[in-house]
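Here are the chains, one letter per residue:
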Number of protein chains: 2
Amino acid sequence: MTRGRYREFCQCDNPAMTRGRYREFCQCDNPAMTRGRYRGFYQCDFDIAGQYDTMIPDAECLKIVHEILSALELGDFHIKVNDRRILDGMFAVCGVPDDKFRTICSTVDKLDKMLWEDVKKEMVVEKGLSEEAADQIGAYVSMQGGMDLAERLLQDPKMSQSKQACAGLSDIKLLFSYLQLFQVTDKVVFDLSLARGLDYYTGVIYEAVLTQAGVAPVSNDTQNGSEERVSVGSVAGGGRYDGLVGMFDPKGRKVPCVGVSIGIERIFSIMEQKAEASAEKVRTTEVQVMVVSAQKNLLEERLRLVTELWNAGVKAEMMYKKNPKLLSQLHHCEESGIPLVAILGEQELKDGVVKLRVVATREEVDVPRDDVISEIRRRTSQA
Amino acid sequence: MTRGRYREFCQCDNPAMTRGRYREFCQCDNPAMTRGRYRGFYQCDFDIAGQYDTMIPDAECLKIVHEILSALELGDFHIKVNDRRILDGMFAVCGVPDDKFRTICSTVDKLDKMLWEDVKKEMVVEKGLSEEAADQIGAYVSMQGGMDLAERLLQDPKMSQSKQACAGLSDIKLLFSYLQLFQVTDKVVFDLSLARGLDYYTGVIYEAVLTQAGVAPVSNDTQNGSEERVSVGSVAGGGRYDGLVGMFDPKGRKVPCVGVSIGIERIFSIMEQKAEASAEKVRTTEVQVMVVSAQKNLLEERLRLVTELWNAGVKAEMMYKKNPKLLSQLHHCEESGIPLVAILGEQELKDGVVKLRVVATREEVDVPRDDVISEIRRRTSQA
């Protein structure tokens, strides 16, 4: 259903990229993407289905996106909010003919990739809209704000003529009152240019955008060049879709829904970019400690220690080899970001100790065998 | 590939049950299964792929099954272990013709559901095996033990004639030496009757079985009646399959694998049975506290408190209604097993407190508003 939308984001010839919605993620100057990874498509969705009171679940979705993007520490972000009814009402009062709502809406949706002049040109030249109507739309879609903007537009002589727009604006006001209680208004912007191309949205729509400089922009539109709009692209989006589920019910029962999709692959790619830039290793495992042997014939000792660690709930690993080389064991820790190494050698066994090695600093310390679990716990709880 | 195997476990006519491997779980006197739940099929797999030293990954699979089944507290269990090479060697030395190995093996596999007399009858009457061969098999498949049994069979005049069997028996010995270090030999039994019908196994095979009485047996074989064999059926199984992955590689490269599947649906069903028997509620959510209002017009207060709780990392929930009834809010907590309720009413707001209610005991206590997070943390960390 959503496949069409993403196609336009990528003009590359990589055949692997033409399957499914993956094109959004295909930024051809992004080497991580051309290495052929991520050929499948994953996103992480959160939806609330059911008949509830206005804007309460809608606000919770925004709270959740705020929480996720804050916790991931991807840098600054904002979440744009609009309402399908405000868009439709706006088109009506600006004089867009009914049968052109959809196509004009999809042109508005390109404002995050194109300058207004080009968007206007597409409306007028390609889609046959009057210049006057286009200019009126242009005035509205440049507006951004919060509850105050919704209040102002409810008083707007033109906008207030549309019942639909007024319903949407009242709901945006209510939404912002809940967002204040949720303490997330610092990141949420009511943005009239947010259109989202999907037909199934019936009310509020969202889009979360990372705004931090520092991270390479993923938009491949270079002719834009406007420096105010530093955006690394959308990392989450969603909205209310009250009609969609009912379409699939033979009895046509309505199931109102609101939800949001987190673009986890794009987020992973950004996290990897950041990690590469800072020369940090991305952890691919939760293993806290690797049990290694310094000489041959210590498999039993390794098995004994790894069992103790496992039984104590420590995440531990060892190589499935009888006599692995010390260097290859240490190399594995560095490769996969395992922070600690527990080294067993003949000397350590004689002394009744385990040599704990911190992978990052290569610092080594002998710990009495009986204290090794508490010492590993102490060190991993600090990290 | 494995579909065929499970079919024989169920003779019911429920069409929903005929899709896929679900039949293993279709125990028609089990009401949980006939309510039409679990129409899909889930299992939880753990596999180790790659060329490693003999029996080290094989032993870790058993350690993991032991850990999982112990942690789930489903009651007593044991894990049967055998080796495909021991089975094949045994068939050879007992005089089973080469072309009958497979079919005789699948008959042996029925020993957990049928008496030996019936198994023997199937071998001799249906499958044309000599009675002498069948009796020799019968003597072997009644054997159970540990490392000692493997040692004994290596000295067995007949068994030791088979190179294959000896290779399997030596590996079982090695496996048990690792299992001793992993501290799991209390639950692992070397059982020569374990066959597992799947052709792709090439080495060690496993099957974990719950043995606790108290839980209704899921075997629908009532003619067995032997009381020593109280088993509630298999909850995990697996083995080594060194040839399977290579079959799908165009270049035929071998990828040795060993793995185990945990039958999570069967386990869930057993857990639900146990919970029903003890009148306990099965938690369907991790929510620690529900924020509820005692009167109307307290939505904002609920939103404020739930935000504080969320921001403090407490798992909290509230109803998406402006004015939900107190009773329906409390009922929801009881239904879904939420242990605590934070009640906001006009009196509580006036007094600067939150009323904390323990769902299980219905005990209520007023907590100063500023202490509510620490009090909730204190109470949920005890649980």
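Residues numbered from 1 in each chain as written. Chains lettered and ligands numbered in written order. Predicted model: local features only at pLDDT ≥ 70, side-chain atom pairs only at ≥ 80, totals over all residues. Heavy atoms only, no water.

- Per an unreviewed UniProt entry, chain A is named histidine--tRNA ligase, and its organism is Austrofundulus limnaeus.
- Of chain A, the UniProt comment under Sequence similarities (unreviewed entry) reads exactly: "Belongs to the class-II aminoacyl-tRNA synthetase family."
- Regarding chain A, the relevant UniProt record gives this comment under Catalytic activity (unreviewed entry): "tRNA(His) + L-histidine + ATP = L-histidyl-tRNA(His) + AMP + diphosphate + H(+)". (UniProt positions renumbered as here; feature names shortened; annotations may be inferred.)

## Here we look at the UniProt feature "binding site: L-histidine" (unreviewed entry) in chain A
Residue and element names in this part refer to chain A.
Moving on, step 1. The feature "binding site: L-histidine" (unreviewed entry), as given by UniProt, occupies Q43, D47, R196, Y200 and Y201 in the numbering adopted here.
Moving on, step 2. Assignment of secondary structure puts R196 in the loop between strand 4 (188–191) and strand 5 (204–210).
Moving on, step 3. Note on R196: relative accessible area 5%, which makes it buried.
Moving on, step 4. Looking at the secondary structure, you find Y201 in the loop between strand 4 and strand 5.
Moving on, step 5. Once you skip the residues sitting within four places of it in the chain, Y201 turns out to touch R84, R196, G238, G239 and R240. (Helix = DSSP H or I, 4+ residues; strand = E, 2+ residues; numbered from the N terminus. Buried < 20%, exposed > 50% of the residue type's maximum accessible area, 1.4 Å probe, protein only. Contact = heavy atoms within 4.5 Å.)

## Details of the interface of chain B and chain A
The extent of an interface is frequently quoted as the accessible surface area lost upon association of the parts.
Moving on, step 1. Between chain B and chain A, the residue contacts involve 26 residues of the former and 26 residues of the latter.
Moving on, step 2. Of the roughly 2,600 Å² buried where chain B meets chain A, counting both sides, 66% is carbon and sulfur surface.
Moving on, step 3. Among the residues chain B hides against chain A, the three largest losses belong to B:L181, B:W310 and B:Y320. Together they make up 30% of the total.
Moving on, step 4. Put simply, chain B and chain A have twelve residue pairs in polar contact (both at pLDDT 80 or more) between them.
Moving on, step 5. For the side of chain B that touches chain A, the secondary-structure elements that each account for two or more residues are helix 3 (56–72), helix 9 (163–181) and helix 12 (299–311) of chain B.
Moving on, step 6. For the side of chain B that touches chain A, the leading source of residues is helix 12 of chain B, giving eight residues. (Buried area = accessible area lost by both parts, 1.4 Å probe. Polar contact = N/O pair within 3.5 Å; in protein donor to acceptor, adjacent residues only side chain to side chain.)

## As for the packing of aromatic side chains
Moving on, step 1. Scanning the entire structure with this criterion turns up ten aromatic pairs over all chains.
Moving on, step 2. Seen in terms of ring centroids, B:F91 and B:F101 are 5.8 Å apart; in terms of plane orientation they differ by 55°. Their pairing is tilted. Of this pair, B:F91 sits in helix 4 (residues 84–93) while B:F101 is found in helix 5 (residues 101–108), placing the two residues ten residues apart along the sequence. Each member of the pair, B:F91 as well as B:F101, is classed as buried.
Moving on, step 3. Cluster of aromatic residues (ring-pair linked, three or more members): A:Y200, A:Y201 and A:Y241.
Moving on, step 4. Above the ring of A:F77, the side-chain terminus of A:K187 is found at 5.2 Å from the ring centroid. (Phe/Tyr/Trp six-rings, centres within 6.5 Å; stacked < 30°, edge-to-face > 60°. Lys NZ or Arg CZ within 6 Å of the ring centre and 35° of its normal.)

## Regarding the packing of helix 3 (residues 56–72) of chain A against helix 12 of chain B
Moving on, step 1. Running from N to C, helix 3 of chain A and helix 12 of chain B cross one another at 20°; their axes reach a closest spacing of 13 Å. The angle between helix 3 of chain A and helix 12 of chain B places the two elements in the roughly parallel class. Here the hand of the crossing between helix 3 of chain A and helix 12 of chain B comes out right-handed. Packed against helix 3 of chain A, whose contacting residues are A:I56, A:E60, A:K63 and A:E67, the element helix 12 of chain B presents B:L299, B:T307, B:W310 and B:N311 at the interface. (Axes fitted to C-alpha atoms, helices over the stretch in contact; angles between N-to-C directions. Parallel < 35°, antiparallel > 145°, perpendicular 65-115°, else oblique. Left-handed = near helix turned anticlockwise from the far one by under 90°.)

## Focus: the sheet that holds strand 1 (residues 44–49) of chain A
Residue and element names in this part refer to chain A.
Moving on, step 1. What the seven strands build is an open sheet, ordered 1-7-6-5-2-4-3; its pairing is mixed. Two strands lie at the open edges of the sheet, namely strand 1 and strand 3 (144–145), each paired on one side alone.
Moving on, step 2. In the sheet, strand 6 (residues 234–240) pairs with strand 7 (residues 257–262) via five bridges, with the strands oriented antiparallel. By the bridge assignment, G238 is partnered in strand 7 with V260.
Moving on, step 3. Set on the sheet, helix 3 makes contact with strand 1, strand 2 (77–83), strand 5, strand 6 and strand 7; between it and strand 7 the angle comes to about 10°. (Pairing = 2+ DSSP bridges.)

## With respect to the pattern of salt bridges
All names here are of chain A.
Moving on, step 1. Scanning the model with the defined rule gives 46 salt bridges over all chains in all.
Moving on, step 2. Put simply, D366 and K355 hold a salt bridge, and the shortest N to O gap is 3.1 Å. Within this pair, whereas D366 is found in strand 12 (residues 364–368), its partner K355 is found in strand 11 (residues 353–358), the two being separated by eleven residues in sequence.
Moving on, step 3. With a relative accessible area of 40%, D366 lands in the partly exposed category. (Salt bridge = Lys/Arg side-chain N within 4 Å of Asp/Glu carboxyl O.)

## Remarks on the nonpolar core
Residue and element names in this part refer to chain A.
Moving on, step 1. If you look at the biggest cluster of nonpolar residues, it comprises 89 residues, and the most contacted ones within it are M90, F91, I137 and F190.
Moving on, step 2. Looking at this core element by element, the count peaks at nine residues for helix 9 (residues 163–181).
Moving on, step 3. With residues up to four places along the chain from it excluded, the contact list for I137 reads M90, F91, C94, V96, I104, V108, W116, M123 and L129. (Core = buried A, V, L, I, M, F, W, Y, C linked by side-chain atoms within 4.5 Å.)

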